[in-house]
Amino acid sequence: MDKILEALVSSSHPLTVKRAIVKKVMEAAEKEVTEEQCQALYHLTTRLILQGEDAFQRQVGLQVQEAYARYHRDEFARFFSKEFVLGLLQQGYGSLDCRDPAILDFLHSSLRLLISCPAVLELAPLLQTEVLRIICERPEPATCAKLATILTDFPQCVPREKAGVLFCQQLVRTFAYFNCPATEERELREYVTQVTRVSVLLQGIWKAEPATLLPSLQEVFAIISSTDPSFEPSIALASLVQHIPLQMITVLIKSLTTDQNVKDASMTQALCRMIDWLSWPLANHVDTWVIALLKGLAAVQKFTILIDVTLLKIEQVVPQIVPLVKSLKNDGLPNSKTFLLQFAELVHCMMYQYSGFPDLYDSILESIKELPKPNEEKIKFFLNQSAWTSQSNSFASGLLKITGKSETGKTGLVNLGNTCYMNSIIQILFMATDFRRHVMSLHLNGSNTLMKKLQLLFAFLAHTQRAAYSPRSFLEGSRPPWFTAGSQQDCSEYLRFLLDRLHEEEKTLSAFLVTSPKPEPATTSAETLNNAASQPVADSQSPLHPEPVAAKGDGRTLVERMFGGRLSTAIRCLQCHSLSEKEEPFTDLSLAFCPSMSKCHGPNDEHKSSSSVGPCQGAVNGGSESSEGSVKEGAGTRMERPVVEPTLSVPDLVDYFLAPEILENENCYFCERCASLQRAEKVMQVVAAPEYLILTLLRFSYDATCHVRRKILDNVGIPLHMSLPLRQHGISVTSSSSDSPESGENLAKKLKPSQKEDGMTENRTNSESNDSDSEMLSVPYVLSSVVVHSGMSSESGHYYSYGRNVSNTDGYVAHPSSKSLESSSLSESSTASQEEMGCADHKSTDWFLFNDSRVTFTNSESLRNVTGRFPKDTAYVLIYRKQEVSGQQSNPGPVVNGSRLSGEPPLQKELMDAITKDNKLFLQEQELNARARALQATSASCSFRPNGSDDNEPPGSCGPSGGGGGGGFNTISRLVF
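Looking at an unreviewed UniProt entry, the chain carries the name Ubiquitin carboxyl-terminal hydrolase, with the source organism given as Cyprinus carpio. According to the UniProt record, the Catalytic activity (unreviewed entry) comment for the chain reads "Thiol-dependent hydrolysis of ester, thioester, amide, peptide and isopeptide bonds formed by the C-terminal Gly of ubiquitin (a 76-residue protein attached to proteins as an intracellular targeting signal)."

**A closer look at the pattern of salt bridges**
Inspection of the entire model under this criterion finds 30 salt bridges. Between Glu190 and Arg186 there is a salt bridge, and its shortest N-O distance comes to 3.9 Å. Taken together, the residues Glu190 and Arg186, both in helix H11 (residues 185-208) and 4 residues apart, mark about one turn of the helix. Within the structure, one salt-bridge network assembled from shared partners comprises Arg99, Glu130, Arg133 and Glu137.

**Quick notes on the pairing of strand E12 (residues 692-697)**
On a regular strand, one side chain projects to one face of the sheet and the next to the other, so that they alternate. Summarising burial for E12: 6 of the 6 residues are buried, a large majority. Side chains Tyr692, Ile694 and Thr696 of E12 all project onto a buried face; the interleaved residues Leu693, Leu695 and Leu697 project onto the opposite face, where all are buried too. Examined bridge by bridge, strand E5 (residues 588-591) and E12 share 4 bridges and lie parallel to one another. Opposite Asp588, over in E12, you have Ile694 as the bridge partner. In the sheet, E12 pairs with strand E22 (residues 873-882) via 5 bridges, with the strands oriented antiparallel.

**Here's the deal with the state of the cysteines**
In the structure shown here, the tally under the stated rule is 0 disulfides. Counting only cysteine sulfurs, Cys671 is the nearest neighbor of Cys576, a cysteine outside any disulfide, at a range of 3.6 Å.

**Topic: the environment of Leu461**
Note that Leu461 resides in helix H23 (residues 450-463). Here the alpha-carbon distance between Leu461 and Thr411, two residues 50 residues apart in the chain, equals 5.3 Å. For Leu461, the residues in contact, after removing those within four places along its chain, are Thr411, Gly412, Leu413, Ile426, Gln427 and Phe430.

**What about the confidence of the model for the chain?**
For the chain, per-residue confidence averages 75 on the pLDDT scale, and 72% of positions sit at 70 or higher. Every residue in residues 519-552 scores below 50 in pLDDT, and together they form 69 contacts with partners more than four places removed in sequence or on other chains. With pLDDT under 50 throughout, residues 936-957 is counted as low confidence; its partners more than four residues away or in other chains account for 68 contacts.

**What to know about the packing of helix H2 (residues 15-27) against helix H4 (residues 55-71)**
Helix-helix packing is described using two parameters, namely the angle between the two axes and the distance between the axes. Packing of H2 against H4 leaves a shortest axis separation of 10 Å and a crossing angle of 15°. Regarding the angle of H2 to H4, the classification is roughly parallel. Considering how the two elements wind past one another, H2 and H4 form a crossing that is right-handed. Only Phe56, Val60, Gln63, Val64, Ala67 and Tyr68 of H4 make contact with H2, whose side of the interface consists of Leu15, Lys18, Arg19, Val22, Val25 and Met26. Residue composition of the contact of H2 with H4, grouped by class: 9 nonpolar, 1 polar and 2 charged.

**Observations concerning helix H16 (residues 286-299)**
Between its first and last C-alpha, H16 extends 20 Å over 14 residues, near the 20 Å set by a 1.5 Å rise per residue. Buried within H16 are the following residues: Val286, Trp289, Val290, Ala292, Leu293, Gly296 and Leu297. Seen end-on, H16 carries its buried residues on one side only, within an arc spanning 165°. Pointing more than 90 degrees away from the buried face of H16 are the exposed residues Lys295 and Ala299. Downstream of H16 by one or two residues, Gln301 has phi in the positive range, about 60°.

**Description of the nonpolar core**
Counting 108 residues, the largest nonpolar core has Tyr68, Phe80, Leu107, Phe175, Leu237 and Trp277 as its most contacted members. Top contributing element to this core by residue count: helix H8 (residues 118-136), with 10 residues. Residue contacts for Leu237: discarding those within four places in its chain leaves Val172, Phe175, Ala176, Ile223, Ile224 and Trp277. Counting residues in each nonpolar core, the second largest holds 65 residues, with Leu311, Met350, Leu653 and Trp847 among its members.

**Some thoughts on unusual backbone geometry**
In this structure, His285 takes a positive phi of about 70° despite not being glycine. Within the element layout of this structure, His285 appears in the loop between helix H15 (264-276) and H16. Since its relative accessible area comes to 32%, His285 is described here as partly exposed. A positive phi angle, near 55°, is found at Asn665, a position not held by glycine. As for its placement among the helices and strands, Asn665 is situated in the loop between strand E8 (661-663) and strand E9 (669-671).

**Things to note about helix H22 (residues 433-441)**
Counting buried positions along H22 yields 9 of 9 residues, so the element is predominantly enclosed. Those residues of H22 not exposed but buried are Thr433, Asp434, Phe435, Arg436, Arg437, His438, Val439, Met440 and Ser441.

**Some thoughts on the packing of helix H21 (residues 420-430) against H23**
Here H21 crosses H23 at 80°, and the two axes come no closer than 11 Å. Relative to H23, the element H21 lies roughly perpendicular. Between H21, through Ile426, Gln427, Leu429 and Phe430, and H23, the contact on the second element is made entirely by Leu457, Phe458, Leu461 and Ala462. Grouping the constituent residues of the contact of H21 with H23 by class yields 7 nonpolar, 1 polar and no charged.

Rules used throughout
Residues numbered from 1 in each chain as written. Predicted model: local features only at pLDDT ≥ 70, side-chain atom pairs only at ≥ 80, totals over all residues. Heavy atoms only, no water. UniProt positions renumbered as here; feature names shortened; annotations may be inferred. Salt bridge = Lys/Arg side-chain N within 4 Å of Asp/Glu carboxyl O. Helix = DSSP H or I, 4+ residues; strand = E, 2+ residues; numbered from the N terminus. Buried < 20%, exposed > 50% of the residue type's maximum accessible area, 1.4 Å probe, protein only. Pairing = 2+ DSSP bridges. Disulfide = S-S within 2.5 Å. Contact = heavy atoms within 4.5 Å. pLDDT = per-residue confidence, 0-100. Axes fitted to C-alpha atoms, helices over the stretch in contact; angles between N-to-C directions. Parallel < 35°, antiparallel > 145°, perpendicular 65-115°, else oblique. Left-handed = near helix turned anticlockwise from the far one by under 90°. Nonpolar A, V, L, I, M, F, W, Y, C, P; charged D, E, K, R; others polar. Expected span 1.5 Å × (residues − 1). Arc of directions from axis to C-beta. Core = buried A, V, L, I, M, F, W, Y, C linked by side-chain atoms within 4.5 Å.

Below is the structure:
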């Protein structure tokens, strides 16, 4: 019979003839057939089923085998022996691999033919062992689904007792490798069906063997809490949650949240992945478990985990807010309107709690602008209801995951643990185009100075392939000794220290080169630098070796040439009219706030009285520990009054800084000519304008009257263009050369007048002033960058920065305008008129928003309106670039190989080698991660436990970032960013 059937299926007869003959063969099964004939037919039909050339042959094999097995079951049981089944599952059949789906389909159909036969029970132990082995090999979802179908129909083949626990654990582990490369809907539906089939099998096992449930759930947690960066478990695990009995929530959550062996980093990872499960199509009860876990963590005061999860997922949540608001608005249902009002309140609370992301929140504000906005008291009350949200008041940008290089082409900086103060300063210095070009053109081969570290950092920011670069080396070399590692710091203080270090290094090396014999031409600068490094340097670790300073001819350091200006302070005794004046260098102007927000006194106003004291109001708790006042020292205590609208601008604050003031009462001036304390008038004037004007707004103050620390939240207008009044002498009253005793003073000092002017370089005993020798020029500046502080105090909150590339020729070319001292005020009308000029205003994409690892496009409107939209986000440090003025020579660009550069200098070989090496390393890391994932997908390991993680890393509030972990905070009281 087998010979006839084999010849028939391979013949060329019409299909109808073949079917008729096959029907006769199947009818013959009812008759008595010998054992040998049965075995021959079973072998033939098996070959047709598994290796048939077409669908007809496979169909004939199935029909004939089923017919003969029904009437000759014992013979079929002897054919379908343990040895035969073991061979199929371990070696395959002919050219078919043992993992071919056809093998499992044949196994399933054969078992169904023996469903009531004792042979199934004999095969069960073998199949229990084999299915466990197959599952440990991490098969594909299709294979697992076929196995699940077999085990569901034949539960006696499911492993039992200890093997059953192991089988469930390994099946859960296999779930973690269920990847879905499908893109079409049909394939996606098939994938979901396969996953569902396997999860139903687990549900059946858990019900039949309750002892397997808890180990399975432990394995689920071990998988989703893994901190291994090369392993990302499949979201298909979400399909298991719906099968976990809800009555176990309380016990399981309590066990998880109180287990001392569960690291905070592992719990954070697990909770984040459970939140990701919400996107699974059939994620029933996942939200219930997520909420229960959040409440459980809050109950045991594990606020660090809750905060970290919020920070990690905030960027994933934010893009969904606007579509959800639109959907609720269009719904029209009464409950949707009620929910929308509550949701809008939550959104305002979120933006208040996690401030510092105007680019993310702009579209959200636009979508809910028509809905009621809760006042600040209601927001604080709502936030304080949740203990974990009341522990922190700022957002850590560093924890936002970076998936690839920013579309801007710019490179972010990894937050290394509350280092946003450094990252924001580095980015604005990098965006100071001419300063960056000078730094990149320096020849520092072989040195280990701070300038070399800065040059290397700038090179990486410009050329690395990484989305965010880790500035760890620069942090270690530039952090002030009194800064506590892992704590938030004042970015303005850091900027002053950094510029002073760079200045002192270069001065020290210049002095060393003058006193040392000239090196041979063939030698590099490395030996000189190494020798110089052994010399004592004030506030520095090693001296600097820049391009020869003599090339400039004025002996100034790079910091002096780029950021250095000079300020003249003149005090005139109102009794004898003698005049004392001195000049001091500065790298930034610290701008105090006016006594009243409604009116800002300018140079043309009446002289300011030192005895005027404003009312004690508008205090904001949690201010800086520094003693920076809201007004100039020696001018009495002036209180600020917070307002919402920008009633004053940066030029107003500059006017106030330069305005004359009267020293009287307890601040009287000691006149040497009168030999007594006298009322006096003090006037400060800029006599040398810097290439880059750094302005620091003194927002952090201590109110001695009210005894509170506070931040001044006043909205200050930021003009894109402004002018700085500059006094030019006909006859200089003091020496401003580099030989002056004052020129060596710390450039980073705050230029606040002393109560006693003992350091005057010259006293005038006559009553004549030097006004007749001077004329006032208006020096034009264009805005280059701004550092914004988001928060309520200098020791908490978050820093981010806006920046654009501006050189000395961008903006406009202005003509010098002589003005008297009385008309030198920088009014907003003048700056506004400058902005209306036909200047080369920058496109919106010329502005960038730097937020640690995150870099995005932005525009000037976003910058100037940031405080109006987000009251806690206030401009703190501003950099303006001086523009060319007709008839004056601006600071030229760097010189490389004897040529003056107007563009980016060529990358030096040492820097190029370092960047190339790191880029190759980055690509290798990407490849290794991909390979590790591929290897793990095919691993036959039957045991896996996530790596532990040190929870004592630096505070994770503002870092580490770029997708990196960061552990928890050291103390709950220091949640700063």
